[in-house]
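Structural overview
Given next are the chains, with one letter for each unit.
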Amino acid sequence: MDNKCFSTASESETEAVGELLAPQLRPGDVVALTGELGSGKTCLTRGLARGLGASGPVTSPTFNLLHEYAGPLPVYHFDLYRLKSAQELEDLGWEEYSAGNGVCVLEWAERAGSLLPAAHWAVRFEIADAGSRRVCIQAPKGRDIP
């Protein structure tokens, strides 16, 4: 699998990484985001949605669990932080979303358990120091990171 890391020092730089990834995505792709609270998961999603032509402001779906952004390639933005089990993700309609015509972005993806497909984009966030982030992207087999 291809793997690439980026250093970012602002929200706009983290969003730019999402915009860079967007053209590589196809319908049915799953982007799994992991990293501690405040590490930039929603910022990257904002850039990714903008890069895919999705409409509307992108905010964390922590309390709603899911936000949908319409566009040429719809974005289904899940926040799994409050889930207690993978069953709750299934109850949200995960199967339909993940097999659909859009891109699923999962914040706190480790909580998806066995529902996370083997072929997914893995994006790991680390807070390097005050204001600095490290964003590492691992592509599914046979796919490229720009």
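As a starting point, this report considers the structure included with it.

Cut-offs applied
- Residues numbered from 1 in each chain as written.
- Predicted model: local features only at pLDDT ≥ 70, side-chain atom pairs only at ≥ 80, totals over all residues.
- Heavy atoms only, no water.
- Core = buried A, V, L, I, M, F, W, Y, C linked by side-chain atoms within 4.5 Å.
- Buried < 20%, exposed > 50% of the residue type's maximum accessible area, 1.4 Å probe, protein only.
- Helix = DSSP H or I, 4+ residues; strand = E, 2+ residues; numbered from the N terminus.
- Disulfide = S-S within 2.5 Å.
- Pairing = 2+ DSSP bridges.
- Axes fitted to C-alpha atoms, helices over the stretch in contact; angles between N-to-C directions.
- Arc of directions from axis to C-beta.
- Contact = heavy atoms within 4.5 Å.

**Some thoughts on the nonpolar core**
- Counting 25 residues, the largest nonpolar core has Val31 and Ile137 as its most contacted members.
- Going through the elements one at a time, helix 1 (11-21), strand 2 (30-34), helix 2 (41-51), strand 5 (103-107), strand 6 (121-129) and strand 7 (132-138) are the ones with two or more residues in this core.

**Focus on the environment of Ala99**
- By the secondary structure assignment, Ala99 is in the loop between helix 4 (94-98) and strand 5.
- Taking the C-alpha atoms as reference points, Ala99 and Val30, separated by 69 residues in sequence, lie 9.6 Å from one another.

**A word on the state of the cysteines**
- One pass over the full model with this rule turns up one disulfide.
- At a sulfur-sulfur separation of 2.1 Å, the disulfide partner of Cys5 is Cys136. Torsion about the S-S bond of the Cys5 and Cys136 cystine: about 110°, corresponding to right-handed handedness. Separated by 131 residues along the polypeptide, Cys5 in strand 1 (residues 3-8) and Cys136 in strand 7 bring together distant segments of the chain.
- Relative accessible area serves as the criterion here: at 3%, Cys136 is assigned to the buried category.
- Of all cysteine sulfurs in the structure, the one in Cys136 sits closest to Cys43, which takes part in no disulfide; the separation is 17 Å.
- A residue is classified by how much of its surface remains accessible, and Cys43, at 11% relative accessible area, is buried.

**Points about the sheet that holds strand 5**
- Reading across the sheet, the seven strands line up as 1-7-6-2-5-4-3 and stay open at both edges, with mixed pairing between neighbours. A single partner strand is all that each edge strand has here, and the edge strands are strand 1 and strand 3 (66-69). Averaged over all neighbouring strand pairs, the angle between strand axes comes to 20°, with direction disregarded.
- Across five bridges, strand 4 (residues 75-79) lies against strand 5 in parallel orientation. Bridge pairing links Phe78 to Leu106 in strand 5.

**Some thoughts on helix 1**
- Every buried residue belonging to helix 1 is among Thr14, Glu15, Val17, Gly18 and Leu21, and all of these are buried. Seen from one end, helix 1 has its buried residues packed into an arc of 150°, which puts them on one side.
- Each element contacted by the buried residues of helix 1 is listed here: strand 1, strand 2, helix 2, strand 6 and strand 7.

**Some thoughts on the side chain of Thr14**
- Secondary-structure assignment places Thr14 in helix 1.
- Other than its neighbours up to four places away in sequence, Thr14 contacts Thr8, Gly40, Cys43, Leu44 and Phe125.

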